[in-house]
Amino acid sequence: MNTYLITGGAGFIGANFVKYMRRTYPSARLIVLDALTYAGNLETLREDIDNERCIFVKGDIGDRVLADELFGRYAIDCVVNFAAESHVDRSIENPQLFLITNILGTQNLLDAARRHWVTGKDETGYPLWRSDVRFHQVSTDEVYGSLGADGFFLETTPLDPHSPYSASKTSADLFVKAYADTFRMPVSITRCSNNYGPYHFPEKLIPLIINNILENKKLPVYGDGSNVRDWLYVEDHCKAIDVVIHRGRTGEVYNVGGHNERKNIDIVRLVIKTIREKMTAHPEYRRLLRNYETDASGQPRIDLINDDLIMFVKDRLGHDQRYAIDPEKITRELGWTPETGFDDGIVKTVQWYLDNRPWVENITKGDYINYYERMYAGREIKS
């Protein structure tokens with residue numbers, strides 16, 4: 001493989017994957033396709049796009065003409081499909097948008113790949129494919145639904161999505177599997193747990209909490225905060241996708257988990273503690289604090305960075321209680337294991353957001369402000 005089409009490459013995980021591939025495969029050519037909706041930020045890739053090894057194309061994965069043009073012009077060997085509407089709250093607001101992008105867009109990419117990768121038919125009528133091609137679908141553990149207090153999601157766990165978002169991702173996965181079964185298309189799927197790390201859009205839990213602490217805003221936590229998620233550092237996820245697209249068996253699903261189960265409320269408290277410790281050890285970061293009372297020396301009072309900032313809000317509709325992934329298959333077959341423990345990963349993530357405030361401030365303008373106010377206005381649970 002030498003030419004990769006990376007869809008959704010200006011989003012959080014996609015952009016981290018682009019950067020990882022640039023470092024890991026210096027001779028590879030990356031075609032980055034992104035519609036640059038609210039979650040895509042071209043500034044993230046400013047240092048990567050050179051129009052030679054890394055070429056950016058603004059466009060929709062549902063655009064048939066554009067998809068055909070890209071496959072024809074660049075002789076693509078591998079598709080890594082990150083492109084998706086991905087926020088559960090937004091899917092509750094506008095379910096149809098998730099069907100259009102996540103299902104129809106994925107199917108359009110599958111068809112484009114089939115038109116350009118099939119070289120003929122065998123004696124039984126099945127398509128013959130170019131050697132060394134792969135369509136890889138990046139999916140989510142949410143397709144499995146919700147777990148009780150015990151157990152883990154396996155690749156054989158029945159699919160049981162509970163939100164419009166997870167239903168659309170489940171449907172996309174099934175289309176990918178259907179193309180493998182019907183046309184013998186070389187495909188693979190990874191289903192990951194919650195990612196965190198640099199370049200994460202601040203409507204998601206961890207960057208939202210970091211940003212709100214710096215702005216002295218309330219920290220919205222759904223319900224009582226007892227919902228459990230497994231957390232995966234984004235670079236570990238990129239490494240998992242790498243081994244799957246290059247060494248994973250075609251037609252297979254691989255679960256990618258971080259072995260980092262935490263309650264949402266514990267995540268919030270850990271971020272509060274980490275930022276307060278950073279501000280104590282490195283007073284120069286206090287300049288990033290906004291809207292805080294000052295002490296006698298005129299510095300923001302870091303003692304106000306505490307659990308009093310937490311605001312419990314009305315729970316999300318259909319909110320799954322617990323996700324937990326068993327990544328034993330990818331470890332056994334491909335040797336991948338998560339390398340970043342959660343406590344270390346949180347420190348690295350907080351540090352990145354402290355050091356990259358211009359990126360955050362740029363992305364939190366305009367539509368994000370309207371969306372944030374719409375999501376949380378009037379939802380606080382009074383004690």
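The notes below deal with the structure included here. Nothing here was measured: the structure is a model prediction, and the numbers come from that model.

Cut-off values and rules
- Residues numbered from 1 in each chain as written.
- Predicted model: local features only at pLDDT ≥ 70, side-chain atom pairs only at ≥ 80, totals over all residues.
- Heavy atoms only, no water.
- Pairing = 2+ DSSP bridges.
- Helix = DSSP H or I, 4+ residues; strand = E, 2+ residues; numbered from the N terminus.
- Axes fitted to C-alpha atoms, helices over the stretch in contact; angles between N-to-C directions.
- Contact = heavy atoms within 4.5 Å.
- Salt bridge = Lys/Arg side-chain N within 4 Å of Asp/Glu carboxyl O.
- Buried < 20%, exposed > 50% of the residue type's maximum accessible area, 1.4 Å probe, protein only.
- Arc of directions from axis to C-beta.
- Polar contact = N/O pair within 3.5 Å; in protein donor to acceptor, adjacent residues only side chain to side chain.
- Core = buried A, V, L, I, M, F, W, Y, C linked by side-chain atoms within 4.5 Å.
- Parallel < 35°, antiparallel > 145°, perpendicular 65-115°, else oblique.
- Left-handed = near helix turned anticlockwise from the far one by under 90°.

### Here we look at the sheet that holds strand E3 (residues 54–58)
Strand order in this open sheet of 7 strands is E3-E2-E1-E4-E7-E8-E12, and the pairing throughout is parallel. Lying at the two open borders of the sheet, with one neighbouring strand each, are E3 and strand E12 (252–256). Between one strand and the next, the sheet's axes are offset by a mean angle of 20°, whatever the strand orientation. Pairing geometry for strand E8 (residues 187–192) and E12, over 5 bridges, is parallel. Bridge pairing in E12 links Thr190 to Tyr254. On top of the sheet, helix H4 (residues 95–117) reaches strand E1 (3–7), strand E4 (78–81) and strand E7 (134–140); it is set at about 165° to E7, its chief contact.

### So, the pattern of salt bridges
Oppositely charged side chains may form a pair once their charged atoms are brought near each other. Tallied over the full model, the rule gives 24 salt bridges. The closest approach of N and O atoms between Asp343 and Arg262, which form a salt bridge, is 3.4 Å. Here Arg262 lies in strand E13 (residues 261–263) and Asp343 lies in helix H10 (residues 342–355), a separation of 81 residues in the sequence. Taking the relative accessible area as the measure of exposure, Arg262 reaches 27% and is therefore partly exposed.

### Topic: helix H2 (residues 64–74)
For H2, the complete set of buried residues consists of Leu66, Ala67, Leu70, Phe71 and Tyr74. Considered in projection along H2, the buried side chains sweep an arc of 130° and stay on one side of the axis. Residues of H2 that are exposed and point more than 90 degrees away from the buried face comprise Val65, Gly72 and Arg73. For H2, the capping residue at the N-terminal end is Asp63, with a side-chain oxygen 3.1 Å from the backbone nitrogen of Val65.

### Quick look at the nonpolar core
Ranked by size, the top nonpolar core spans 38 residues in total, and within it Ile213, Ile275, Met279 and Ile305 carry the most contacts. Looking at this core, the elements with two or more residues in it are helix H6 (205–214), strand E10 (219–222), strand E11 (228–233), helix H8 (264–281), H10 and helix H11 (357–363). No other element matches H8, which puts 8 residues into this core. In this view, Ile213 contacts Leu219, Val271, Ile272, Ile275, Leu289, Tyr292, Ile305 and Leu309; residues no more than four positions away in its chain are not counted.

### Focus: the side chain of Thr274
Note on placement: Thr274 falls in helix H8. We classify Thr274 as buried; its relative accessible area is 6%. Sequence-distant contacts of Thr274, defined by excluding residues within four places in its chain, comprise Ile346, Val347 and Val350.

### A closer look at the environment of Phe152
Relative to the helices and strands, Phe152 is located in the loop between E7 and helix H5 (164–183). Its relative accessible area of 45% is what places Phe152 among the partly exposed residues.

### So, the sheet that holds E11
The sheet built from 3 strands is open, its strands ordered E9-E11-E13 with mixed pairing. In this open sheet, the two strands that pair with only one neighbour each are strand E9 (194–196) and E13. Averaged over all neighbouring strand pairs, the angle between strand axes comes to 50°, with direction disregarded. Where E9 and E11 come together, 3 bridges link them in parallel fashion. Counted as the bridge partner of Tyr196 is Tyr233 from E11. Strands E9 and E11 of the sheet are contacted by helix H7 (residues 234–247), whose axis makes an angle of about 70° with E11.

### Examining the packing of H6 against H10
Contact geometry of H6 with H10 gives a least axis separation of 11 Å together with a crossing angle of 50°. Here H6 is positioned oblique relative to H10, judged by the angle of their axes. For H6 against H10, the interelement crossing comes out right-handed. Residues Ile206, Pro207, Ile210 and Leu214 of H6 touch H10, and the partners they reach there are Phe342, Ile346, Thr349, Val350, Tyr353 and Leu354.

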